[in-house]
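For reference, the chains in residue letters:
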Amino acid sequence: MFNKETYICRRAELKRHIGSGIILLPGNNESPANYPANAYSPMRQDSTFLYYFGQHREGLFGLIDVDNDEEWLFGDDIDIEDIVWMGFVPSVADLTAEVGITKTAPMARLKEIVNRKSVNRKFLFLPPYRYDTKIQLMDLLGIHPNELKEKASVDLIKAVVKMRSKKEPQEIEVIERACNVGYEMHTKAQHLIQAGVTERFIGGQVDGIARSKAQGVSFATIFTQHGEIMHGCPSDALLEDGRLALCDAGCELDDYCSDHTRTMPVSGKFTDKQREIYSIVVECHDHVLNVARPGVKYMDVHFAVCRLMTERLKELGLMKGDVDEAVRAGAHAMFLPHGLGHMLGMDVHDMEGLGQIYVGFDNETRPNLEQFGTNCLRMGRRLEPGFVVTDEPGIYFIPQLIDQWRAENHCADFLCFDKIETYKDFGGIRIEDDLLIMEESCRFLGTKRIPYHLKDIEETMQLSF
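In this report, we go over the structure that sits alongside the text. (Residues numbered from 1 in each chain as written. Predicted model: local features only at pLDDT ≥ 70, side-chain atom pairs only at ≥ 80, totals over all residues. Heavy atoms only, no water.)

## Examining empty space enclosed by the protein
Move 1: Taken as a whole, this structure holds 1 cavity of 30 Å³ or more when the rule is applied.
Move 2: By volume, the largest cavity amounts to about 70 Å³.
Move 3: Forming the walls of the largest cavity are Met1, Phe2, Tyr7, Arg10, Leu50, Tyr51, Gly54, Asp254, Asp255, Tyr256 and Met346.
Move 4: Taken together, the elements giving at least two residues each to the lining of the largest cavity come down to helix H1 (4-18) and helix H2 (47-53).
Move 5: Broken down by class, the residue content of the lining of the largest cavity amounts to 7 nonpolar, 1 polar and 3 charged. (1 Å grid on protein atoms, 1.4 Å probe; cavity = no way out; pocket = protein on both sides within 12 Å on 5 of 7 lines; lining within 4 Å. Points joined across faces, edges and corners; volume = space filled by probe spheres on them. Helix = DSSP H or I, 4+ residues; strand = E, 2+ residues; numbered from the N terminus. Nonpolar A, V, L, I, M, F, W, Y, C, P; charged D, E, K, R; others polar.)

## Observations concerning a nonpolar patch on the surface
Move 1: Residues Ile80, Val84, Trp85 and Met86 make up a contiguous nonpolar surface patch of roughly 580 Å² in combined accessible area.
Move 2: Topologically, Val84 is positioned in helix H3 (residues 80-86).
Move 3: Judged by relative accessible area, which is 63%, Val84 ranks as exposed. (Patch = residues over 30% accessible without salt bridge, like charges linked within 9 Å, V, L, I, M, F, W, Y side chains within 5 Å. Areas by Shrake-Rupley, 256 points an atom, 1.4 Å probe, with all protein chains shown as cover. Salt bridge = Lys/Arg side-chain N within 4 Å of Asp/Glu carboxyl O. Buried < 20%, exposed > 50% of the residue type's maximum accessible area, 1.4 Å probe, protein only.)

## Let's talk about the sheet that holds strand E8 (residues 216-217)
Two modes of strand pairing occur in sheets, parallel and antiparallel, and in both the strands are linked by backbone hydrogen bonds.
Move 1: The 3 strands lie next to each other as E8-E11-E12, forming an open sheet whose pairing is antiparallel. Pairing within the sheet leaves two strands with one partner each, and these edge strands are E8 and strand E12 (256-257).
Move 2: Here strand E11 (residues 251-253) pairs with E12 via 2 bridges, running antiparallel. When the bridges of E12 are listed, Glu252 appears paired with Cys257. (Pairing = 2+ DSSP bridges.)

## Regarding the environment of Val206
Move 1: Within the secondary structure, Val206 sits in helix H10 (residues 199-213).
Move 2: For Val206, a relative accessible area of 1% gives the class buried.
Move 3: Separated by 17 residues in the primary sequence, Val206 and Ala189 place their C-alpha atoms 6.5 Å from one another.

## Describing a negative patch on the surface
Move 1: On the surface, a cluster of negative charge is made up of Asp76, Asp77, Asp94 and Glu98.
Move 2: As for its placement among the helices and strands, Asp94 is situated in helix H4 (residues 92-98).
Move 3: Residue Asp94 is classed as partly exposed on the basis of its relative accessible area, which comes to 42%. (Lys, Arg positive; Asp, Glu negative; His and termini not counted. Charge placed at Lys NZ, Arg CZ, Asp CG, Glu CD.)

## Things to note about helix H11 (residues 272-291)
Given 3.6 residues per helical turn, the α-helix brings residues three or four places apart onto the same face.
Move 1: If you check H11, its first and last C-alpha atoms are 29 Å apart, about what 20 residues at 1.5 Å a residue would give, namely 28 Å.
Move 2: Taken together, the buried positions of H11 are Gln274, Ile277, Tyr278, Ile280, Val281, Val282, Cys284, His285 and Val288. (Expected span 1.5 Å × (residues − 1).)

## Describing the pattern of salt bridges
Move 1: For the coordinates displayed, the defined rule picks out 40 salt bridges.
Move 2: Residues Glu252 and Arg44 are paired through a salt bridge, measuring 2.7 Å at the closest nitrogen-oxygen approach. Here the residue Glu252 occupies a position in strand E11, and Arg44 occupies one in the loop between strand E3 (38-39) and H2, the gap between them amounting to 208 residues.
Move 3: Note that Arg381 is salt-bridged to Glu384, the shortest N-O span being 3.7 Å.

## Quick word on the packing of helix H5 (residues 110-117) against helix H6 (residues 131-141)
Move 1: One way to put it is that H5 packs onto H6 with a least axis distance of 9 Å and a crossing angle of 45 degrees. With respect to each other, H5 and H6 are oriented oblique. Each of Leu110, Lys111, Val114 and Asn115 in H5 lies in contact with H6, whose residues at this interface are Gln136, Asp139 and Leu140.
Move 2: Taken together, the residues of the contact of H5 with H6 sort by class into 3 nonpolar, 2 polar and 2 charged. (Axes fitted to C-alpha atoms, helices over the stretch in contact; angles between N-to-C directions. Parallel < 35°, antiparallel > 145°, perpendicular 65-115°, else oblique. Contact = heavy atoms within 4.5 Å.)

## Looking at the nonpolar core
Move 1: Judged by nonpolar contacts, the single largest core of 127 residues is most densely connected at Leu14, Ile277, Tyr298, Phe335 and Leu415.
Move 2: Ignoring any residue separated from it by four or fewer positions in sequence, one finds Leu14 in contact with Ile23, Tyr52, Ile64, Leu156, Ala159, Val160 and Met163.
Move 3: With 16 residues, the next largest nonpolar core counts Leu24, Phe74, Ile113 and Leu140 among its residues. (Core = buried A, V, L, I, M, F, W, Y, C linked by side-chain atoms within 4.5 Å.)

## Section: the sheet that holds strand E6 (residues 103-105)
Move 1: Pairing is mixed in the open sheet, where 5 strands are placed in the order E6-E5-E4-E1-E7. With one partner strand each, in any of the chains shown, E6 and strand E7 (123-125) form the two edges of the open sheet. When strand polarity is set aside, the average angle formed by the axes of neighbouring strands in this sheet is 20 degrees.
Move 2: When strand E5 (residues 70-74) meets E6, the two strands line up parallel, connected through 3 bridges. The residue bridging Phe74 from the neighbouring strand is Ala105, located in E6.
Move 3: Strands in contact with H5 are strand E1 (22-26), strand E4 (61-65), E5, E6 and E7; relative to E5, the strand with the most contacts, it is inclined by about 155 degrees.

Structure below.
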């Protein structure tokens, strides 16, 4: 939680962006795991509610009356029975004072006050993603849950995206600390990897660091020998010499996220074949530092990486033909079927719930939803100072995709299918770091670099052998 003035200034700026109307910002409630008293823990507050109201307690609701310059926080004080089980919790009035709000009321009065303000007024809300919030908004506004996403306020979405996209110095400092915990998570994995250990064991050790040194993981940890599967969860499979292990993991610290990926040889040494592909991914990853800066579209950075990757794959005999034509045709998506990166902040895919069309794109830069691979580009708009985006190129050999494209003769002018066939058991490689856009350049966040160059990876892993 930042100081009181942070939240006062954020709400004031939001009101200036919106101009008129009543903004509804519900917080989250506890979410039962398998019966009411056994909730998922810890409770995760809604990120936008946190951004403007700063409080983590469940069962809160924020209302901002722009026209009358009123700010409300609704919620119920807990009773003695809750205190017996959960300990003392400050009153709602105390919570409001901490973030510079003077108007508070119990939740039972929320509908009364909304009704009182509803005459000839417009209500603005964001697309809800939890079912209890959808029901709450339906009770307040009379809008069926199936229609809430469609009727969410585009003006409010754009205002929130505009504000949350540019990270304040204090936000950057927290993300940097989260990245430092990410360093410990990933180097722990690198020290533990060896044949005979299960994926699940290493994934659990990585998660343990996030839980002991931060609020927990920022998303479900990916640790797998099947790096060609984008979101491969840790299984009971034993690590095998000769295979590659991919670890995609991050933590959430003081409400902000980190997100890194590393790919390691289980044996501690890359084979020549692995070394060739890995070197291309490293070069693509580092190339972003030379290209990304304010005023440049991240879509253009993505395609600069795609062209470099295509050139290098041609040199290995996996691709052929004109590089620019191959990229225009989407042939590179055989190996890189996702975008270069996404916004990062309070959410690991920052603000994705508000609609990627508003977060990663704008009126100038529109997504291409027709072409395979490019349709998964989450971030394309022009970069601005204060943006934090991920840089995560990868090369994957997906057997089913190889079979389908070969059968369809898809992009056959650019793909050397006979050579690609020999990589069907290769797996996948991804390298990811969190990139801060500065006034004239960019840099990776985190004061410690998680090893990723070939020599550094092998030296780090030797510490465990």
